[in-house]
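# Structure assessment
Chain residues, written in single-letter form:
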Amino acid sequence: MVAGNKIADKLAEVIDRDMTLMHVCGTHEASIARHGIRSLLPSKLKIVMGPGCPVCITPQGEIDAAIELLENGCIIATYGDLLRVPGSSSSLGEAGGDVRVVQGVHKAVEIAQKEKKEVVFISCGFETTAPTVAAMLMTNPPDNFSILSCHRLIPPAMKWLLEQGEAALDGFLLPGHVLVVSGTEAYRGFPVPQAVAGFEADDILLGLLMLAEQVKSGECRVDNAYPRAVLPTGNQKAQEIMNLVFEPCDAAWRGFPVIQNSGLSLRDSYAQYDAWKKFGVTCRDTPKNSACACDRILRGIAQPDDCTLYGTACTPKHPIGPCMVSHEGACRIWHQYHM
């Protein structure tokens, strides 16, 4: 962390006013907490969390739809974190039925190849996971396989956050793994400072320094503190595959309203693998039914210990909100590192 300490010293020189920067990546939050990065930052610099955990932003209505499929006799294949995410009345782990934890879409397809029942993979994640799912669908999986597309896109959520102005954001620290796929060009239209960062402590501190220098100079651009992995054009082959199979659609995020063109749905040419259409399920709007502050945490206007449930009624063993479930969730991370 010698380099990191030097960057932190430079940050202290640059920052001369209160500044609020948001990251939109659960892995960034985990790294910030693990390395104690906040303890190195000037008191005027505040780092807030945004909607960077795909498990956390999966709305209750999508969990309810998956439970409905489970109750109708489908085998549900899912990532382990989604098992405990609360729907409107229960989670997948509590619902009973045949739920199987898989490491990826390829494992879900393997289940379908061995089973006669319908197998539905809950396909969630940002631009990082969508290309691999798209590539698998292009291989003509079995007829009894389909996906419940719960994918989300980062830029529309950033646009919504800026339009609301709730957190008075001065800039965004962008997720390196997402921009490995999308590239930096898709982010150049935002009228705030932005910087792409990797996940080592030095990467994050360099990204924050780039943002602080932009804010101080009054400039707005996309700086790249992760050039070893992120190109301006991104991974064009991954983009091509993703765009061939998926198309943008309006989607709800937990803690947000429906955001225009922020989700991904399967194109008509892949409709036979679309569980939403195949089984006629829908993502219903469900009211918030607890004092959980995850919605405010995901919008950058609260931190975990602002929640009255945090660390008491809501713990990793007994999570009430999704931010305490996922290893990329802010509450789970803060609880783990005793912040």
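As shown above, the structure is provided for reference.
Overview of the structure. (Residues numbered from 1 in each chain as written. Predicted model: local features only at pLDDT ≥ 70, side-chain atom pairs only at ≥ 80, totals over all residues. Heavy atoms only, no water.)

## A short note on unusual backbone geometry
The residue Asn140 is not glycine, and still its phi comes out positive at about 60 degrees. Looking at the secondary structure, you find Asn140 in the loop between α6 (130-137) and β6 (145-151). Unlike most non-glycine residues, Ala168 shows phi in positive territory, near 50 degrees. With respect to the helices and strands, the residue Ala168 is situated in the loop between α7 (154-164) and β7 (171-175). A residue is classified by how much of its surface remains accessible, and Ala168, at 54% relative accessible area, is exposed. (Helix = DSSP H or I, 4+ residues; strand = E, 2+ residues; numbered from the N terminus. Buried < 20%, exposed > 50% of the residue type's maximum accessible area, 1.4 Å probe, protein only.)

## Focus on the sheet that holds β7
In a beta sheet, neighbouring strands pair by backbone hydrogen bonds and run either parallel or antiparallel. Read across the sheet, five strands follow the order β2-β1-β7-β8-β9 without closing on themselves; strand pairing throughout is parallel. Of all strands in the sheet, those bounded by a partner on one side alone are β2 (45-49) and β9 (222-224). Here the strands of the sheet are splayed against their neighbours by 25 degrees on average, with no regard to which way each runs. Pairing analysis gives three bridges linking strand β8 (residues 194-197) to β9, with the strands arranged parallel. (Pairing = 2+ DSSP bridges. Axes fitted to C-alpha atoms, helices over the stretch in contact; angles between N-to-C directions.)

## Observations concerning the environment of Glu166
Relative to the helices and strands, Glu166 is located in the loop between α7 and β7. Exposure remark for Glu166: the relative accessible area of 39% places this residue in the partly exposed category. Considering only alpha carbons, one finds Glu166 and Tyr79, 87 residues apart in sequence, at a separation of 32 Å. Once residues lying within four places of it in the same chain are set aside, the contact partners of Glu166 are Trp160, Leu161, Arg299 and Ile301. (Contact = heavy atoms within 4.5 Å.)

## Overview of the sheet that holds strand β5 (residues 119-125)
In space, the four strands of this open sheet follow the order β4-β3-β5-β6, with parallel pairing throughout. The outermost strands of the open sheet, each flanked by one partner alone, are β4 (99-101) and β6. Across the sheet, the axes of successive neighbouring strands diverge by a mean angle of 25 degrees, strand direction being ignored. The pairing of β5 with β6 spans seven bridges and is classified as parallel. Bridge pairing in β6 links Phe121 to Ile147. Set on the sheet, helix α3 (residues 60-71) makes contact with β3 (75-78), β4, β5 and β6; between it and β6 the angle comes to about 165 degrees. The strands touched by helix α5 (residues 105-114) are β3, β4, β5 and β6; relative to β5, the strand with the most contacts, the crossing angle is about 175 degrees.

## Comments concerning the packing of α6 against helix α10 (residues 236-245)
Across the interface, α6 lies against α10 with an axial gap of 8 Å and an inter-helix angle of 65 degrees. Helix-helix and strand crossings are classified by hand; for α6 and α10 the assignment is left-handed. On α10, the residues that touch Ala130, Pro131, Ala134, Ala135 and Leu137 of α6 are Ala238, Ile241, Met242 and Val245. Residue composition of the contact of α6 with α10, grouped by class: nine nonpolar, no polar and no charged. (Left-handed = near helix turned anticlockwise from the far one by under 90°. Nonpolar A, V, L, I, M, F, W, Y, C, P; charged D, E, K, R; others polar.)

## Thoughts on the state of the cysteines
In this structure the tally under the stated criterion is zero disulfides. As a non-bridged cysteine, Cys331 has Cys294 as the owner of its nearest cysteine sulfur, 4.8 Å distant. The buried category is assigned to Cys331, whose relative accessible area is 6%. (Disulfide = S-S within 2.5 Å.)

## Here we look at the packing of aromatic side chains
Taken as a whole and assessed by the stated rule, the structure comprises six aromatic pairs. With a centroid separation of 6.4 Å and an interplanar angle of 45 degrees, the aromatic rings of Tyr187 and Phe190 are classed as tilted. When its relative accessible area of 0% is taken as the criterion, Tyr187 is described as buried. Given a relative accessible area of 12%, Phe190 falls into the buried group. Centroid distance Phe199 to Tyr226: 6.2 Å. Interplanar angle 80 degrees. Geometry classified as edge-to-face. Linking Phe199 in the loop between β8 and α9 (201-217) with Tyr226 in the loop between β9 and α10, this pair joins segments that are 27 residues apart in sequence. An aromatic cluster is defined as three or more aromatic residues linked by ring pairs; in this entry it consists of Phe126, Trp160, Trp253 and Phe256. (Phe/Tyr/Trp six-rings, centres within 6.5 Å; stacked < 30°, edge-to-face > 60°.)

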